Amino acid sequence: NDQPSGNVQGYGSKLANNGCGQLEWEDYFFHCVFPEDKRDLAIWPKTPADYILATSEYAKQIRNLATKIFAVLSIGLGLEEGRLEKEVGGMEDLMLQMKINYYPKCPQPELALGVEAHTDVSALTFILHNMVPGLQLFYEGNWVTAKCVPNSIIMHIGDTVEILSNGKYKSILHRGVVNKEKVRIS
């Protein structure tokens, strides 16, 4: 990718010092998966052979899940169930982007972070993981490591929903940490 020019899709790396003097230790692949006309299949991996098919089906399922989550959140705000989804682009224009994060084994994890603390500008974030702990949430003044539950998807609220809900739903400050013994993928 070429972030300075605005092209965020593609492969990238964050093997650089962050503002806190720690090394960010992450490789990633970022691409649009929905709507289909926004996809750049030229950059999608050719292997495994079923990547496009599996990713397309995953995008459909996550898109349907997002509709259900938006409905519940809207009702929680006292609005009609389709309101939040409409505000973030509706069924046709809501964009789903996928970022595959690869955090290599790190020989000195105390000197590195996978990714520094941030909130997501998105509306919702859904995270699949390979059962290696590393997602941390800032809660009541402390960093808390999210539990790895088999066959689960972690979901959190992004800045967009916090703004649209006037702060009733909060975007969570989070970061990724690295592991000395195991590769982490999310």
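Since we're looking at a predicted model, the values are computed, not measured. (Residues numbered from 1 in each chain as written. Predicted model: local features only at pLDDT ≥ 70, side-chain atom pairs only at ≥ 80, totals over all residues. Heavy atoms only, no water.)

Colleague: Honestly, the overall build of the chain in this entry has me stumped. Any pointers?
Modeller: Within the chain, the secondary structure is distributed over four helices and 13 strands. Over its C-alpha atoms the chain spans a radius of gyration of 17 Å, differing by no more than 12% from the 16 Å that the globule rule assigns to 186 residues. Once the C-alpha set of the chain is aligned to its principal axes, its extents read approximately 50 × 45 × 35 Å. Across the 186 residues of the chain, 38% fall into the buried class. Here the analysis covers contacts within the chain between residues at least 6 apart in sequence; of these, 68% occur between residues at least 24 apart. As displayed, the chain offers around 10800 Å² of accessible surface, 57% of which is attributable to carbon and sulfur atoms. Here the chain carries 18 positive and 22 negative side-chain charges, and the mean point of each set is 5 Å from the other. (Helix = DSSP H or I, 4+ residues; strand = E, 2+ residues; numbered from the N terminus. Rg over C-alpha atoms; globule rule 2.2 N^0.38 Å. Buried < 20%, exposed > 50% of the residue type's maximum accessible area, 1.4 Å probe, protein only. Contact = heavy atoms within 4.5 Å. Areas by Shrake-Rupley, 256 points an atom, 1.4 Å probe, with all protein chains shown as cover. Lys, Arg positive; Asp, Glu negative; His and termini not counted. Charge placed at Lys NZ, Arg CZ, Asp CG, Glu CD.)

Colleague: When you look at empty space enclosed by the protein in this model, what are you seeing that I'm missing?
Modeller: One simple way to see leftover space: roll a probe sized like a water molecule over the atoms. Applying the stated rule across the entire model yields one cavity of 30 Å³ or more. Put simply, the largest cavity is a space of about 60 Å³. Of the residues contributing to the lining of the largest cavity, the split by class is seven nonpolar, two polar and one charged. (1 Å grid on protein atoms, 1.4 Å probe; cavity = no way out; pocket = protein on both sides within 12 Å on 5 of 7 lines; lining within 4 Å. Points joined across faces, edges and corners; volume = space filled by probe spheres on them. Nonpolar A, V, L, I, M, F, W, Y, C, P; charged D, E, K, R; others polar.)

Colleague: Looking at this structure, how should I read the UniProt feature "domain: Fe2OG dioxygenase" (unreviewed entry) in the chain?
Modeller: Cross-referencing UniProt, the feature "domain: Fe2OG dioxygenase" (unreviewed entry) maps to residues 91-186 in the present numbering. Counted over residues 91-186, helix gives 9% and strand 38%. Its end C-alpha atoms are 26 Å apart. (UniProt positions renumbered as here; feature names shortened; annotations may be inferred.)

Colleague: Hey, could you run me through a negative patch on the surface in this one?
Modeller: A surface patch of negative charge is lined by Glu36, Asp37, Glu92 and Asp93. Of note, Glu92 is situated in helix H3 (residues 90-93). (Patch = residues over 30% accessible without salt bridge, like charges linked within 9 Å, V, L, I, M, F, W, Y side chains within 5 Å. Salt bridge = Lys/Arg side-chain N within 4 Å of Asp/Glu carboxyl O.)

Colleague: Would you take a moment to explain the sheet that holds strand S9 (residues 135-139) for this structure?
Modeller: Neighbouring strands of a sheet are bound in pairs by backbone hydrogen bonds; such pairs are parallel or else antiparallel. The sheet built from four strands is open, its strands ordered S7-S12-S9-S10 with antiparallel pairing. The open sheet has two edge strands with one neighbour each: strand S7 (115-118) and strand S10 (142-145). Strand-to-strand twist of the sheet, defined as the mean angle between neighbouring strand axes without regard to direction, takes the value 25°. The sheet contact formed by S7 and strand S12 (residues 174-176) spans two bridges and is antiparallel. Within S12, the position partnered with Val115 by the bridge is Gly176. (Pairing = 2+ DSSP bridges. Axes fitted to C-alpha atoms, helices over the stretch in contact; angles between N-to-C directions.)

Colleague: Looking at this structure, how should I read the side chain of Ser171?
Modeller: Within the secondary structure, Ser171 is located in the loop between helix H4 (159-164) and S12. Within the structure, Ser171 has its side chain in polar contact with the side chain of Asp159 (distance 2.7 Å). Among all residues touching Ser171, those that are not within four sequence positions of it are Thr119, Asp120, Ile157, Gly158, Asp159 and Glu162. (Polar contact = N/O pair within 3.5 Å; in protein donor to acceptor, adjacent residues only side chain to side chain.)

Colleague: Teacher, can you tell me more about the pattern of salt bridges here?
Modeller: When the charged atoms of two side chains lie near each other, side chains of opposite charge can form a pair. With the rule as written, the count across this model stands at four salt bridges. Where Lys99 meets Glu26, a salt bridge forms, and the shortest distance between an N and an O atom there is 3.2 Å. Highlighted residues: Lys99 in strand S5 (residues 96-103) and Glu26 in the loop between strand S3 (23-24) and strand S4 (27-34), separated in sequence by 73 residues. Taking the relative accessible area as the measure of exposure, Lys99 reaches 31% and is therefore partly exposed. Here Arg63 makes a salt bridge to Glu85, at a shortest N to O gap of 2.7 Å. On the criterion of sequence distance, the pair formed by Arg63 in helix H1 (residues 51-76) and Glu85 in helix H2 (residues 83-87) is long-range, its members being 22 residues apart. On the accessibility criterion, Glu85 (12% relative accessible area) is buried.

Colleague: Any chance you could explain the environment of Thr145 here in plain terms?
Modeller: With respect to the helices and strands, Thr145 occurs in strand S10. For the pair formed by Thr145 and Phe70, sequence separation is 75 residues and the distance between their alpha carbons is 26 Å. For Thr145, the side chain forms a polar contact with the side chain of Gln136, separated by 3.1 Å.

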